[in-house]
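One-letter residues, chain by chain:
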Amino acid sequence: MSKLVMVIDDSLTVRKIIETSLRREGFDYVSYPDGIQALEALTKHKHRVPDLVILDIGLPKMDGYEIARILRTKPQFGNTVIVMLSGRDGVIDRLKGRLAGAKDYLTKPFRTQDVISVVHAHLGSPTPTYS
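Small disclaimer: the values here were computed from a predicted structure and weren't measured. (Residues numbered from 1 in each chain as written. Predicted model: local features only at pLDDT ≥ 70, side-chain atom pairs only at ≥ 80, totals over all residues. Heavy atoms only, no water.)

## Points about the overall build of the chain
(1) Moving on: The number of helices and strands found in the chain is five helices and five strands.
(2) Moving on: The N-to-C order of helical and strand elements in the chain reads β-α-β-α-β-α-β-α-β-α.
(3) Moving on: In terms of overall dimensions, the chain is globule-like: its C-alpha atoms have a radius of gyration of 14 Å, near the 14 Å expected for 131 residues.
(4) Moving on: Principal-axis analysis of the C-alpha atoms gives the chain an extent of 45 × 35 × 25 Å. (Helix = DSSP H or I, 4+ residues; strand = E, 2+ residues; numbered from the N terminus. Rg over C-alpha atoms; globule rule 2.2 N^0.38 Å.)

## Description of the nonpolar core
(1) Moving on: Ranked by size, the top nonpolar core spans 24 residues in total, and within it Met6, Ile8, Leu55, Ile67, Leu71, Ile82 and Met84 carry the most contacts.
(2) Moving on: Elements with a contribution of two residues or more to this core: β1 (4-8), β2 (28-32), α2 (35-43), β3 (52-56), α3 (64-73) and β4 (81-86).
(3) Moving on: Counting 18 residues, the second largest nonpolar core, distinct from the first, contains Val7, Leu22, Val83 and Phe110. (Core = buried A, V, L, I, M, F, W, Y, C linked by side-chain atoms within 4.5 Å. Buried < 20%, exposed > 50% of the residue type's maximum accessible area, 1.4 Å probe, protein only.)

## So, the UniProt feature "modified residue: 4-aspartylphosphate" (unreviewed entry) in the chain
(1) Moving on: According to UniProt, the feature "modified residue: 4-aspartylphosphate" (unreviewed entry) maps to Asp56 in the numbering used here.
(2) Moving on: Along the polypeptide, aspartate 56 turns up in strand β3.
(3) Moving on: On the basis of relative accessible area, aspartate 56 is assigned to the buried category, the value being 4%.
(4) Moving on: Those residues in contact with aspartate 56 that lie beyond four places of it in its chain are Ile8, Asp9, Asp10, Gly64, Leu85, Ser86 and Lys108. (UniProt positions renumbered as here; feature names shortened; annotations may be inferred. Contact = heavy atoms within 4.5 Å.)

## Topic: the side chain of aspartate 9
(1) Moving on: You can see aspartate 9 is positioned in the loop between β1 and α1 (12-25).
(2) Moving on: Side-chain polar atoms of aspartate 9 contact the backbone nitrogen of serine 11, separated by 2.8 Å.
(3) Moving on: A polar contact of 3.1 Å, which involves the side chain of aspartate 9, links it to the side chain of lysine 108.
(4) Moving on: Residues within four places of aspartate 9 in sequence aside, it is in contact with Val14, Arg15, Tyr32, Pro33, Asp56, Leu59, Leu85 and Lys108. (Polar contact = N/O pair within 3.5 Å; in protein donor to acceptor, adjacent residues only side chain to side chain.)

## Examining the pairing of β4
(1) Moving on: For β4, the tally of buried residues reaches six of six residues, placing the bulk of the element in the interior.
(2) Moving on: Neither face of β4 is exposed, since Val81, Val83 and Leu85 on one face and Ile82, Met84 and Ser86 on the opposite face are all buried.
(3) Moving on: Note: β3 against β4, five bridges, orientation parallel. Paired with leucine 52 across the two strands is valine 81, which belongs to β4.
(4) Moving on: Regarding the hand of the β-α-β motif, the stretch spanning β3, α3 and β4 is right-handed.
(5) Moving on: The sheet contact formed by β4 and strand β5 (residues 104-107) spans four bridges and is parallel. Bridging from a neighbouring strand, leucine 85 pairs with leucine 106 of β5.
(6) Moving on: Regarding the hand of the β-α-β motif, the stretch spanning β4, helix α4 (residues 91-100) and β5 is right-handed. (Pairing = 2+ DSSP bridges. Right-handed = clockwise from strand over helix to strand, strands pointing away.)

## Section: the environment of valine 14
(1) Moving on: By the secondary structure assignment, valine 14 is in helix α1.
(2) Moving on: The spatial distance from the C-alpha of valine 14 to the C-alpha of arginine 88 is 16 Å, given a sequence separation of 74 residues.
(3) Moving on: The contacts of valine 14, once residues within four sequence positions are left out, are Asp9, Leu85, Lys108 and Phe110.

The following block contains the structure:
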């Protein structure tokens, strides 16, 4: 079974760019426009627990820091890697991400290769699926 990456970003363009990159690399993915929908899907077990979450900080309804903190309180997400994604690149922003439970931090605009490099660094290569 391939590794599952969850993408949470309110920008459809950003989600599509990341999804395309993940698909090319052989990773499974799910994506959501906000954290509320993502948390609801996880609570209702609509898919397996993600191995990695790419999480935008500036989301409607609930920011990425809060979503990361919620995920970190749940034991089933203990091995899930959180990567923050933001247009802000300050030291304070990065520190807040770490304190919320993020293992890595990507800034917008990003190169798709940067995203794939971070995913490979934390998950390795996807497990091939044979059909």
